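Understanding the architecture of this molecule
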Amino acid sequence: MPFVTFLDYAGVAVFAATGALAASRKELDIIGFLFLASVTGIGGGTFRDLILGIPVFWVINRDYVWICASVAVLVFLTAHRFESRYKLLLWLDAVGISAFSVMGAAKGLVVTGSVSVAIITGMLTATFGGILRDLLAGEPSVLLRPEIYVTATLIGAAVYTGADIAGLAPLLASILGFVAAFIVRGGALRFGWTFPAYKGRPGRHPDDIP
Amino acid sequence: MPFVTFLDYAGVAVFAATGALAASRKELDIIGFLFLASVTGIGGGTFRDLILGIPVFWVINRDYVWICASVAVLVFLTAHRFESRYKLLLWLDAVGISAFSVMGAAKGLVVTGSVSVAIITGMLTATFGGILRDLLAGEPSVLLRPEIYVTATLIGAAVYTGADIAGLAPLLASILGFVAAFIVRGGALRFGWTFPAYKGRPGRHPDDIP
Amino acid sequence: MPFVTFLDYAGVAVFAATGALAASRKELDIIGFLFLASVTGIGGGTFRDLILGIPVFWVINRDYVWICASVAVLVFLTAHRFESRYKLLLWLDAVGISAFSVMGAAKGLVVTGSVSVAIITGMLTATFGGILRDLLAGEPSVLLRPEIYVTATLIGAAVYTGADIAGLAPLLASILGFVAAFIVRGGALRFGWTFPAYKGRPGRHPDDIP
């Protein structure tokens, strides 16, 4: 199995696990686990394939659906063992965005040949599943958290794309992209890395604006 | 008109009505009614067609758009007569998800020939319109309600698909799927049926996690 | 450059600016600005192209991506100068929906030849970017604001489509559509125009319904 395919399976599995953990935080039933795990696991890749105009990956290869279902059942049976499901969710999400930023960029580059499109499909693939998960589960969006998040997907996609353009072997380019993204997001989670935020003031609530 | 086509029209109409009822709960104007009715009525099927890679149904057949518009006007004129619009919304939604779980599975089965894809497109078609409605109207998501919901769409899609694979006539398979889904969701609404929920504890708010 | 192409670029730029302003209200970092600007700027057109079954515009022409990125950086550097970023956001949004209601209708009409589809793709293109922005930024949805909003996009799309069908030159039809939409939305913002709202009562919270 090429490493980029492995990253795809691994990304689907860990994103599915974050969806199932969100379901456990909301105390949903087993079908709620299956649903949130599937939407989170395959949501980003579905969006990527729609934008690239290619057949949706899980419609062609149903393995992905079974991965999501298996992960959902596993989390349903074990989630109570974890001390903080939300921290686990954030770390699995970090693995997932690292894998998908590479996988999304790889598919975007193969289909369009454009570096800028590849970087964007990498970012979209990596972030979209988590956005859906948080919207559907009514969680605060990971996008709005203070630590670095989207940047990690940008770096993962850019490192992979740059390495591929530079002629590195796909395996090496994939590993470099994955590791780069994970160092950035993992460091942000572990050490609270942030960018210099916008030097401003928070927005007022619309009702308070004269 | 084949029964499955009738289910499609009926599903669009009742989902459009739930969108218009949500608009009335938010006291929107007539255009808000038209917008929410249309998004809710055709949202699930649009998503299904995009994923299956086939032309979007209402772009080809504009009847669906006029159905949504007519239903929106009708609800705008009559919604004040109902004692509880939210209960009516939930019951119409139950009819809608029953119709769409069959219709989505039927289209998925015809296009891909895969049982697992058919069941998923049935579930997605049935749930997606309501998800959009609740997100846009700022209502609590039906997905997160305690009674059985997604399960009904799974059962409707699975019963239809199983019956079709087993060689039953399309009419009979459609009726069986519709009735199965409606019994599950209707029973859940009427008697508060729930699954054994996840044996756990609710998630803490992210800010409260050390 | 045909005027309708200019409207497309201008619409992407002003919507990107509203996304970046929402990012500044949430005090995100520069990558958050880039992300929200891009999603808001190209979201509506992406949805339009998916529904029409044509290649997504920014995958083919990457100028749009660079416009969004440039606007995001510009807003990041200047947003603190504005006394009320939310008012600026609303007015730029008004320009954006006016441009996109025409551009969406034009593309829908060319691809399908159907007046009703053209009007709907005009409305969807104009509203979808702002819906995404508000969902992702956790802002109250512009759709639910009391003043006229969706109606302006309906009028812009209908005026353009009617003028085009009536045989007016594309430039004139585009200007008429843009001006009609902007008068309606601008008047709503300036003078608080509303439709006669639904004569009813607000919805109760689901938990309060017996």
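Rules and cut-offs
Residues numbered from 1 in each chain as written. Chains lettered and ligands numbered in written order. Predicted model: local features only at pLDDT ≥ 70, side-chain atom pairs only at ≥ 80, totals over all residues. Heavy atoms only, no water. UniProt positions renumbered as here; feature names shortened; annotations may be inferred. Helix = DSSP H or I, 4+ residues; strand = E, 2+ residues; numbered from the N terminus. Buried < 20%, exposed > 50% of the residue type's maximum accessible area, 1.4 Å probe, protein only. Lys, Arg positive; Asp, Glu negative; His and termini not counted. Salt bridge = Lys/Arg side-chain N within 4 Å of Asp/Glu carboxyl O. Contact = heavy atoms within 4.5 Å. Axes fitted to C-alpha atoms, helices over the stretch in contact; angles between N-to-C directions. Parallel < 35°, antiparallel > 145°, perpendicular 65-115°, else oblique. Left-handed = near helix turned anticlockwise from the far one by under 90°. Nonpolar A, V, L, I, M, F, W, Y, C, P; charged D, E, K, R; others polar. Phe/Tyr/Trp six-rings, centres within 6.5 Å; stacked < 30°, edge-to-face > 60°. Lys NZ or Arg CZ within 6 Å of the ring centre and 35° of its normal. Core = buried A, V, L, I, M, F, W, Y, C linked by side-chain atoms within 4.5 Å.

Structural notes on the UniProt feature "domain: Glycine transporter" (unreviewed entry) in chain A
Residue and element names in this part refer to chain A. Per the UniProt record, "domain: Glycine transporter" (unreviewed entry) is found at residues 6-79 and 90-161. A distance of 25 Å separates the end C-alpha atoms of residues 6-79, which is 85% helix and 0% strand. Taken as a whole, residues 90-161 contains 81% helix and 0% strand, while its terminal C-alpha atoms sit 25 Å from one another.

Some details on the side chain of Asp-8 of chain A
All names here are of chain A. With respect to the secondary-structure elements, Asp-8 resides in helix α1 (residues 3-25). No salt bridge is formed by the buried Asp-8, whose closest oppositely charged neighbour, Arg-48, lies at an N-O distance of 4.3 Å. When near neighbours in sequence (up to four residues on either side) are disregarded, Asp-8 contacts Arg-48, Tyr-64, Phe-100 and Met-103.

Overview of the packing of helix α1 (residues 3-25) of chain C against helix α4 (residues 63-78) of chain C
Residues and elements named next belong to chain C. Running from N to C, α1 and α4 cross one another at 40°; their axes reach a closest spacing of 9 Å. One way to sum up the angle between α1 and α4 is to call them oblique. In this structure, α1 meets α4 at a crossing whose hand is right-handed. Contact residues: Asp-8, Tyr-9, Val-12, Ala-13, Ala-16, Ala-17, Ala-20 and Leu-21 in α1; Asp-63, Tyr-64, Ile-67, Cys-68, Val-71, Ala-72 and Val-75 in α4. The residue inventory of the contact of α1 with α4, partitioned by class, reads 13 nonpolar, no polar and two charged.

Regarding the UniProt feature "transmembrane region" (unreviewed entry) in chain A
All names here are of chain A. If you check UniProt for "transmembrane region" (unreviewed entry), the listed places come out as residues 6-23, 30-58, 64-82, 89-109, 115-136, 148-169 and 175-195 in our numbering. Between the C-alpha atoms that bound residues 30-58 the distance is 21 Å, and the span itself is 86% helix and 0% strand. Note that residues 89-109 is 100% helix and 0% strand, and that its end C-alpha atoms are spaced 29 Å apart.

Focus on the packing of aromatic side chains
All names here are of chain A. For the structure on display, the rule yields 24 aromatic pairs over all chains. Ring centres of Phe-57 and Tyr-64 lie 4.8 Å apart, and the angle between their planes is 75°; on these two criteria the pair is classed as edge-to-face. By relative accessible area, which is 8% here, Phe-57 ends up buried. Residue Tyr-64 is classed as buried on the basis of its relative accessible area of 6%. Put simply, the rings of Tyr-9, Phe-57 and Tyr-64 pair up and form one aromatic cluster. Sitting over the face of the ring of Phe-57, Arg-48 holds its NZ or CZ atom 5.3 Å from the ring centroid.

Some details on the environment of Leu-109 of chain A
Relative to the helices and strands, Leu-109 of chain A is located in helix α5 (residues 85-112). When the C-alpha positions of Leu-109 of chain A and Thr-161 of chain A are compared, they lie 7.6 Å apart, and in sequence the two are 52 residues distant.

Brief notes about the nonpolar core
Grouped together as the largest cluster of nonpolar side chains are 197 residues, with contacts concentrated most on Trp-58 of chain A, Trp-58 of chain B together with Trp-58 of chain C. With residues up to four places along the chain from it excluded, the contact list for Trp-58 of chain A reads Ile-42, Thr-46, Tyr-64 and Val-65 of chain A together with Ile-51, Val-117, Ile-120 and Leu-124 of chain B.

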